[in-house]
Amino acid sequence: MSSILFNIENYIGYVTINRSAALNALNYDALLELQQVVEKIRTSSQVRVVIFTGAGEKAFSVGADLKERKILSDEEVKRNIYKIGEVFTAIDELPQPTIAALNGFAFGGGMELALACDFRLAVEGTLMGLTETSLAIIPGAGGTQRLPRLIGQAKALELILTAKRLTSEEALRYGMVNRVVARESLIEEAIQLADQMLANGPIALQQAKFAVKQGMNADLQTGLHIERKAYEITIPTEDRMEALTAFGEKRKPVFKGK
């Protein structure tokens, strides 16, 4: 059985970690599968928004598979750390907007996967956190870098150094998740957010995401230059002309991603 499920419907790519018996922990084989799926998504014209979630109702992902870790050599642990960081960076750098639908526990690498996504929706009452220091290690798949950029250094240090487990509602107050929803409506809410983006130009979505993410790591003037260059990419597109035509004809535009 595949550890990672992937399907496309109405321009939304659905990626599901399919190891519910192991609380969707990520072993090395699962990371390799996830990497292959992400590579497919990156170049797919049929995927305009991506939703990541976990199988079952208990966990989004509890991170690294600790049963596997116990039998690995130090070199193999380093291999796994490199791979998980590489895969999560690839997710972070996807041109399409990404949504993490947290259907349950999100600890360690599972939380880092969520942080690599653009948006996070969480079911009511679940728990999450970067809990690695309780295992005498540190977040190694981007957590020490992405969390402080999201919520600020002091709050991130507090959560990482105490290995605090947050409820979804606490995570919302910290700014770690965008919204908390009822379990039965999680995917529906994620699709609703995706549909709001899908109503807009696909190339514009990608270039707006690129401008924001690249600009965040630059000074203002460099960021403004990045924004102008991203805007220029949208000017010769068929979608821009379609939007103008549709506006004049008082109808919804039909975008083709061209």
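Residues numbered from 1 in each chain as written. Predicted model: local features only at pLDDT ≥ 70, side-chain atom pairs only at ≥ 80, totals over all residues. Heavy atoms only, no water.

J.: Quick question: what am I supposed to make of a nonpolar patch on the surface here?
T.: Together, L66, L135 and I137 line one region of the surface with nonpolar side chains, adding up to about 270 Å² of accessible area. Here L135 shows up in the loop between β8 (127-129) and α5 (143-151). On the accessibility criterion, L135 (48% relative accessible area) is partly exposed. (Patch = residues over 30% accessible without salt bridge, like charges linked within 9 Å, V, L, I, M, F, W, Y side chains within 5 Å. Areas by Shrake-Rupley, 256 points an atom, 1.4 Å probe, with all protein chains shown as cover. Salt bridge = Lys/Arg side-chain N within 4 Å of Asp/Glu carboxyl O. Helix = DSSP H or I, 4+ residues; strand = E, 2+ residues; numbered from the N terminus. Buried < 20%, exposed > 50% of the residue type's maximum accessible area, 1.4 Å probe, protein only.)

J.: Would you explain the sheet that holds strand β9 (residues 166-167) in this entry?
T.: Either a parallel or an antiparallel arrangement is found when strands of a sheet pair, and the pairing is made through backbone hydrogen bonds. Spatial strand order, β4-β6-β8-β9: four strands in an open sheet with mixed pairing. The open sheet has two free edges, formed respectively by β4 (59-61) and β9, since each of these has just one partner strand. Relative to β8, strand β6 (residues 105-107) runs parallel, the two sharing two bridges. Bridge pairing in β8 places F107 opposite G129. Running at roughly 95° to β6, helix α4 (residues 109-116) makes contact with β4, β6 and β8 of the sheet. (Pairing = 2+ DSSP bridges. Contact = heavy atoms within 4.5 Å. Axes fitted to C-alpha atoms, helices over the stretch in contact; angles between N-to-C directions.)

J.: Looking at this structure, I do not really get unusual backbone geometry. What am I missing?
T.: Keep in mind that most residues, glycine aside, have a negative phi and that most peptide bonds are trans. Positive phi values are uncommon outside glycine, yet A136 reaches one of about 65°. Owing to a relative accessible area of 74%, A136 belongs among the exposed residues under this scheme. The phi dihedral of A163 is positive, around 55°, even though this residue is not glycine.

J.: How should I be thinking about the packing of helix α9 (residues 202-215) against helix α10 (residues 220-234) in this particular structure?
T.: The geometry of a pair of packed helices is captured by two quantities: the angle between their axes and the separation between those axes. Two elements in contact, α9 and α10, have axes separated by 9 Å at closest approach and are oriented at 170°. Classed by the angle they form, the pair α9 and α10 counts as roughly antiparallel. Residues I203, A204, Q207, F210, A211, Q214 and G215 of α9 touch α10, and the partners they reach there are G223, I226, E227, A230, I233 and T234. Residues belonging to the contact of α9 with α10 are distributed by class as follows: seven nonpolar, five polar and one charged. (Parallel < 35°, antiparallel > 145°, perpendicular 65-115°, else oblique. Nonpolar A, V, L, I, M, F, W, Y, C, P; charged D, E, K, R; others polar.)

J.: Before we go on, may I ask you to explain the environment of V15 in this structure?
T.: Of note, V15 is situated in strand β2 (residues 12-17). Relative accessible area serves as the criterion here: at 1%, V15 is assigned to the buried category. For the pair V15 and M1, spaced 14 residues apart in sequence, the C-alpha separation works out to 15 Å. When residues no more than four places from it in sequence are discounted, the contact partners of V15 are I4, L5, F6, L34, V37, I41, V50, I51, F52 and T53.

J.: Even after reading the chapter, I still don't get the packing of aromatic side chains, so can you show me in this structure?
T.: To describe a pair of aromatic rings, one takes the distance between the centres and the angle between the planes. Following the criterion strictly, the structure yields one aromatic pair and no others. Relative to F107, the ring of F105 lies with its centre 5.6 Å away and its plane at 20°, an arrangement referred to as stacked. Under the relative-accessibility criterion, F105 is labelled partly exposed at 30%. Just above the ring of Y11 sits the side chain of R48; from NZ or CZ to the centre is 3.8 Å. Over the ring of F107 we find R165, and its NZ or CZ is 4.3 Å from the ring centre. (Phe/Tyr/Trp six-rings, centres within 6.5 Å; stacked < 30°, edge-to-face > 60°. Lys NZ or Arg CZ within 6 Å of the ring centre and 35° of its normal.)

J.: Where do I start with α4 in this structure?
T.: What sets the pattern is the α-helix's 3.6 residues per turn: residues three or four places apart point alike. Among the eight residues in α4, eight count as buried, and that is most of the element. Taken as a whole, α4 has its buried residues at G109, G110, M111, E112, L113, A114, L115 and A116.

J.: Would you mind showing me how to read the sheet that holds strand β10 (residues 179-181) here?
T.: Taking strand neighbours across the sheet as the criterion, the six strands line up as β1-β2-β3-β5-β7-β10 in an open arrangement whose pairing is mixed. Looking at which strands have only one partner, the edges of the open sheet turn out to be β1 (4-9) and β10. If you compare each strand with its neighbour and ignore which way they point, the axes differ by 20° on average. Judged from the six bridges that link them, β1 and β2 form a sheet pairing that is antiparallel. Bridged to F6 within β2 is V15. Of the strands in this sheet, β1, β2 and β3 (49-54) are in contact with helix α1 (residues 28-42), which crosses β1 at around 20°.

J.: Can you help me understand the nonpolar core in this one?
T.: One recurring pattern in soluble globular proteins is that nonpolar side chains are buried together. Among the nonpolar cores identified, the biggest contains 42 residues, and F88 and I91 are the most heavily contacted of them. In terms of residue count, α1 provides more of this core than any other element does, six residues in total. Excluding residues that lie within four positions of it along the chain, I91 makes contacts with L34, V38, F52, T98, L113, A116 and C117. Counting residues in each nonpolar core, the second largest holds 16 residues, with I12, A101, A194 and M197 among its members. (Core = buried A, V, L, I, M, F, W, Y, C linked by side-chain atoms within 4.5 Å.)

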